[in-house]
2 protein chains.
Amino acid sequence: MPTPKKKKSLRAATLADVGLAAGVSAMAASTVLNGARTSSRISDATRERIVKAAAKLNYRPNAAARALANRRMNTIGVAVVIGEGGVNHYFMEVFNGIIDAATRYEQNTTVCALHHWTRDTVRLRGFCDGRIDGLILLAPILQPDKALLPAHTPFVSIHTNSQLPNIVNVESDEERGAWEMVRHLVAQGHRRIMHITGPVELLGPQRRIQGYQRALASSRIPFDPLLLVHGSYNAESGRDVLRQWIKKNAGAPLPHAIFCFNDHMAIGCLEALAEVGLRVPEDISVAGFDDLLASRTTVPQLATVQQPLFAMGGKAVELLLARIAQQNGEEAIVSDKTVIFPTKVIPRFSVGLRPVIERLVPAAR
Amino acid sequence: MPTPKKKKSLRAATLADVGLAAGVSAMAASTVLNGARTSSRISDATRERIVKAAAKLNYRPNAAARALANRRMNTIGVAVVIGEGGVNHYFMEVFNGIIDAATRYEQNTTVCALHHWTRDTVRLRGFCDGRIDGLILLAPILQPDKALLPAHTPFVSIHTNSQLPNIVNVESDEERGAWEMVRHLVAQGHRRIMHITGPVELLGPQRRIQGYQRALASSRIPFDPLLLVHGSYNAESGRDVLRQWIKKNAGAPLPHAIFCFNDHMAIGCLEALAEVGLRVPEDISVAGFDDLLASRTTVPQLATVQQPLFAMGGKAVELLLARIAQQNGEEAIVSDKTVIFPTKVIPRFSVGLRPVIERLVPAAR
DNA sequence: CTGAAAGCGCTTACAG
DNA sequence: CTGAAAGCGCTTACAG
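About the thresholds
- Residues numbered from 1 in each chain as written.
- Chains lettered and ligands numbered in written order.
- Predicted model: local features only at pLDDT ≥ 70, side-chain atom pairs only at ≥ 80, totals over all residues.
- Helix = DSSP H or I, 4+ residues; strand = E, 2+ residues; numbered from the N terminus.
- Rg over C-alpha atoms; globule rule 2.2 N^0.38 Å.
- Axes fitted to C-alpha atoms, helices over the stretch in contact; angles between N-to-C directions.
- Parallel < 35°, antiparallel > 145°, perpendicular 65-115°, else oblique.
- Left-handed = near helix turned anticlockwise from the far one by under 90°.
- Contact = placed C-beta atoms within 7 Å.
- Nonpolar A, V, L, I, M, F, W, Y, C, P; charged D, E, K, R; others polar.
- Domains from an automatic or database assignment.
- Least-squares fit on C-alpha atoms with pLDDT ≥ 70 in both.
- Core = buried A, V, L, I, M, F, W, Y, C linked by C-beta atoms within 7 Å.
- Buried ≥ 20, exposed ≤ 12 C-beta atoms within 10 Å, placed from the backbone.
- Near = placed C-beta within 6 Å.
- Pairing = 2+ DSSP bridges.
- Arc of directions from axis to C-beta.

Some words on the overall build of chain A
Next, step 1: Each helix and strand in chain A was counted, giving 12 helices and 12 strands.
Next, step 2: On C-alpha atoms alone, chain A measures out to a radius of gyration of 27 Å, which is more than a quarter above the 21 Å that the 2.2 N^0.38 rule sets for 365 residues.
Next, step 3: Projected onto its principal axes, the C-alpha positions of chain A cover 90 × 45 × 40 Å.

Comments concerning the packing of helix H5 (residues 63–70) of chain A against helix H5 (residues 63–70) of chain B
When two helices pack together, their arrangement is given by the angle between the helix axes and by the axis-to-axis distance.
Next, step 1: Running from N to C, H5 of chain A and H5 of chain B point in directions that differ by 140°, and their axes come no closer than 8 Å. The angle between H5 of chain A and H5 of chain B places the two elements in the oblique class. For the element pair H5 of chain A and H5 of chain B, the recorded crossing hand is left-handed. In this structure, H5 of chain A contributes Ala-64, Ala-65, Ala-67 and Leu-68 of chain A to the contact, and H5 of chain B contributes Ala-64, Ala-65, Ala-67 and Leu-68 of chain B.
Next, step 2: Class assignment for the residues of the contact of H5 of chain A with H5 of chain B results in eight nonpolar, no polar and no charged.

Let's talk about the domain arrangement of chain A
All names here are of chain A.
Next, step 1: For chain A, the assigned domains are domain 1 (4–61), domain 2 (75–167 + 310–341) and domain 3 (174–307).
Next, step 2: Relative placement of domain 2 and domain 3: their C-alpha centres are 31 Å apart.
Next, step 3: Each partner contributes residues to the interface: domain 2 has five residues there, and domain 3 has eight residues.

Here's the deal with the relation of the copies chain B and chain A
Next, step 1: Superposing chain B onto chain A takes a rotation of 180° combined with a translation of 0.1 Å along the rotation axis, leaving an RMSD of 0.3 Å. Here the copies are linked by what is in effect a two-fold axis.
Next, step 2: When the interface residues of chain B are mapped onto chain A, 100% of them are again interface residues, pointing to one common binding face.

Focus on the nonpolar core
Next, step 1: The biggest cluster of nonpolar side chains holds 87 residues, and the ones touching the most others in it are Val-182 of chain A together with Val-182 of chain B.
Next, step 2: Setting aside residues no more than four positions away along its own chain, Val-182 of chain B makes contact with Ile-193, Gly-211, Tyr-212, Ala-215, Leu-216 and Phe-259 of chain B.
Next, step 3: Ranked by size, the runner-up nonpolar core spans 86 residues in total, among them Val-111 of chain A together with Val-168, Leu-319 and Leu-321 of chain B.

Let's talk about the protein's contact with DNA strand C
Next, step 1: DNA strand C sits among 24 residues. The nearest are Thr-14, Ser-30, Asn-34, Ala-65 and Ala-69 of chain A.
Next, step 2: The set of elements that each furnish at least two residues to the surface near DNA strand C consists of helix H3 (26–34) and H5 of chain A together with helix H3 (26–34) and H5 of chain B.
Next, step 3: Examining the composition of the surface near DNA strand C, we find that five residues originate from one element, H5 of chain A, more than from any other.
Next, step 4: Across the surface near DNA strand C, the residue classes tally to 13 nonpolar, seven polar and four charged.

Points about the protein's contact with DNA strand D
Next, step 1: As a structural note, the neighbourhood of DNA strand D is formed by 25 residues, with Thr-14, Ser-30, Asn-34, Ala-65 and Ala-69 of chain B the closest of them.
Next, step 2: Of all the elements in the fold, those that place two or more residues in the surface near DNA strand D are H3 and H5 of chain A together with H3 and H5 of chain B.
Next, step 3: Counting residues per element, the surface near DNA strand D draws most heavily on H5 of chain B, which supplies five residues.
Next, step 4: Its residues assigned to classes, the surface near DNA strand D shows 14 nonpolar, seven polar and four charged.

Concerning the interface of chain B and chain A
Next, step 1: Counting residues at the interface gives 43 residues for chain B, matched by 43 residues for chain A.
Next, step 2: Taken together, the elements giving at least two residues each to the side of chain B that touches chain A come down to H5, helix H6 (89–104), strand E2 (108–114) and helix H11 (263–275) of chain B.
Next, step 3: The residue inventory of the side of chain B that touches chain A, partitioned by class, reads 23 nonpolar, 15 polar and five charged.

A few points about the packing of helix H10 (residues 235–248) of chain A against helix H11 (residues 263–275) of chain A
All names here are of chain A.
Next, step 1: Where H10 contacts H11, the two axes come as close as 6 Å, and the packing angle between them is 45°. In terms of axis orientation, H10 runs oblique to H11. In the crossing of H10 with H11, the sense of the turn from one axis to the other is right-handed. Residues Ala-235, Glu-236, Ser-237, Gly-238, Arg-239, Leu-242, Arg-243 and Ile-246 of H10 pack against His-264, Met-265, Ala-266, Ile-267, Gly-268, Cys-269, Glu-271 and Ala-272 of H11.
Next, step 2: Among the residues making up the contact of H10 with H11, the classes are represented as eight nonpolar, four polar and four charged.

Regarding the sheet that holds strand E9 (residues 285–287) of chain A
Residues and elements named next belong to chain A.
Next, step 1: Pairing is parallel across the open sheet formed by four strands, whose spatial order is E7-E6-E8-E9. The sheet is open, and its two borders are formed by strand E7 (228–230) and E9, each paired with just one other strand. Here the average twist between neighbouring strands, direction ignored, is 20°.
Next, step 2: The pairing of strand E8 (residues 257–260) with E9 spans three bridges and is parallel. Paired with Ile-258 across the strands is Val-286, a residue of E9.
Next, step 3: Running at roughly 135° to strand E6 (residues 193–197), H10 makes contact with E6, E7 and E8 of the sheet.

Some details on the sheet that holds strand E11 (residues 339–341) of chain A
Next, step 1: Taken in spatial order, the 12 strands of this open sheet run E11(A)-E5(A)-E4(A)-E3(A)-E1(A)-E2(A)-E2(B)-E1(B)-E3(B)-E4(B)-E5(B)-E11(B), and their pairing is mixed. At either end of the open sheet lies a strand with only one pairing partner, and these are E11 of chain A together with strand E11 (339–341) of chain B. Along the sheet, successive strands turn relative to each other by an average axial angle of 20°, direction set aside.
Next, step 2: Strands strand E1 (75–81), strand E3 (134–138), strand E4 (155–158), strand E5 (169–172) and E11 of chain A of the sheet are contacted by helix H12 (residues 309–327) of chain A, whose axis makes an angle of about 160° with E4 of chain A.
Next, step 3: Set on the sheet, helix H12 (residues 309–327) of chain B makes contact with strand E1 (75–81), strand E3 (134–138), strand E4 (155–158), strand E5 (169–172) and E11 of chain B; between it and E4 of chain B the angle comes to about 160°.

What to know about the pairing of strand E6 (residues 193–197) of chain B
All names here are of chain B.
Next, step 1: Burial analysis of E6 places five of its five residues in the buried class, which makes it a mostly covered element.
Next, step 2: Where burial is concerned, the two faces of E6 agree: the one with Ile-193, His-195 and Thr-197 and the one with Met-194 and Ile-196 are both buried.
Next, step 3: Across four bridges, the pairing between E6 and strand E8 (residues 257–260) is parallel. Paired with Ile-196 across the two strands is Cys-260, which belongs to E8.

Notes on H5 of chain B
Next, step 1: Here H5 of chain B has its buried residues at Ala-63, Ala-64, Ala-67 and Leu-68 of chain B. Seen end-on, H5 of chain B carries its buried residues on one side only, within an arc spanning 135°. In H5 of chain B, the exposed residues that point more than 90 degrees away from the buried face are Ala-69 and Asn-70 of chain B.
Next, step 2: Check the buried side of H5 of chain B and you find it contacts H5 of chain A.
Next, step 3: The first or second residue beyond H5 of chain B is Arg-71 of chain B, which carries a positive phi of 55°.

Structural data, given as structure tokens:
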């Protein structure tokens, strides 16, 4: 059983404690230590006494009390859907950018992990209870009719799936990225270019398909529906979808190149191609999208389209802080518009020149 | 300029508002809505009136006020060192486990990003100001003499680098993992086994070296210092270190297998080997450690030693919550010991049988 | 069993 | 310029 004295020492020092030790009021201590009411002047001697007392008592302001008085937590939430045991590298890169920027602005970052956007709204709203000042929604599925968040909760989205009015969204120019990659493939001589797409109900896949088709058109290559293959989003899907396509099309002319919805699917394609003895890029070229770390760890390394995910996370923080400031009545330059980051083709060895000799789709082994 | 009325609507409803609307005291509302003092009984009619009023006003308890009254934030911090632009997959997998468990226990997770363990102590201590109830330190470098955290801040470490007394650490059996992997390589016929190690001032590399050497000894393979190569921890290091070794040892007998400190370095080795035309696993086998997602996305997939990072993150949360409960005077079963998780060899195609024909280290191209 | 009051640790508007 | 007081929104010990 702890003695009363011991118990006392378990309590962190408060402003009152510091004031007592320095022979001043808690308010004076607040003025000096937490920078409240900077205009007022406390004599240097007193100030020093207060600072010393605080140091000795190891004083640090209580965040909860401050938040309650200030109506400000200095914490931003990041809402994200996490799959089963789901490591998501896309999330990680954006998240790093968010943490980096938040730290720079002296904001905390806290994660609001969801399993499903529309099913977990209650949970999400539960976060908007004063513990965060605003929210970054990562790749949310927003619905026009119903709000995801309580009114008056400032938020910014990244890669939203719905073009709702009056929301600030950070995204990248996916259509152009896809366009440039396909143009890059064409420049290497490829003409029979397959596109394996992702979930077509989402905006991202749609835009990448558009870029793909626009590039074909501008290269005067007719669009061949047989070369637009539907998958989901992960490596297994890329592998399985290509496997099936190969099985079904044995003997047909082999595509010169495959452009995938993302890096994971492209990696799955590498596997499926290796299985039937096709060499990348000697027999066929492969390209992805996202420029995740994984794209640099394949052999050969994967050509891809880079989105500046780190920078996008940082930008979202800045936009959100402006929105929060605006809501608090502070002057702030607030954007109401979507911010679009450029994408960039990263050439790597998985894309080579078009083979001199045309090949046929091999029979599955 | 907003009218007073409009301004009012910006304020979230409080218990007092709910009480007013339902014709009861704020306290009664607290009892019903936030479950305080469950023993007391409020008539069903009143209860229903309160619940309805709360729903209508969209009431949700203010987290800061609650934290202040309860001395409890229901938030755990995760302190981690983040490199420059640093995507760290190891962190991500542990972090997922932490979020998952924290969510299950209705705790928030907030990230305390540092750049350097010993240099950023002020920053780290700044987090211990009531905004978190306790801290998980991820791979910290603790020093015996000086405490990293303020006294009375409960914490748990994962993969700490220092065997300090009286701290709870979650780790995996790295020595045995390395031992088993080398035994696995020996079982495939390999005898000339290179080990590329990480920063040897850290505990992890030391333990993996020990496991490597113990396995050699138990297989009656003499330890060859030339085959213990020093690197740092990332893919570039693995690639560069092996490149140099190859250049320096052209014409010498090629190792049968390379066992790397971690997956990233092994991936770098795949790259260096591909550069000089060596095939994996036909010419040489390669193994990593960690079983990150990246190990499954290489071609060929990387044999590795799995640490249950997701589970380890979850365990850390449970241990930390017990410590917090204990500090609050609640009864709790609190461990003071290190928790060691088992490791497991994951065989994949990057490890094959020892080549029938011995090869020499090729000249660099 | 119930309500009024005090308190969590801070900040800010308000008298002296 | 300074201090005492009120308030942020909740909870809990304390009288009725």
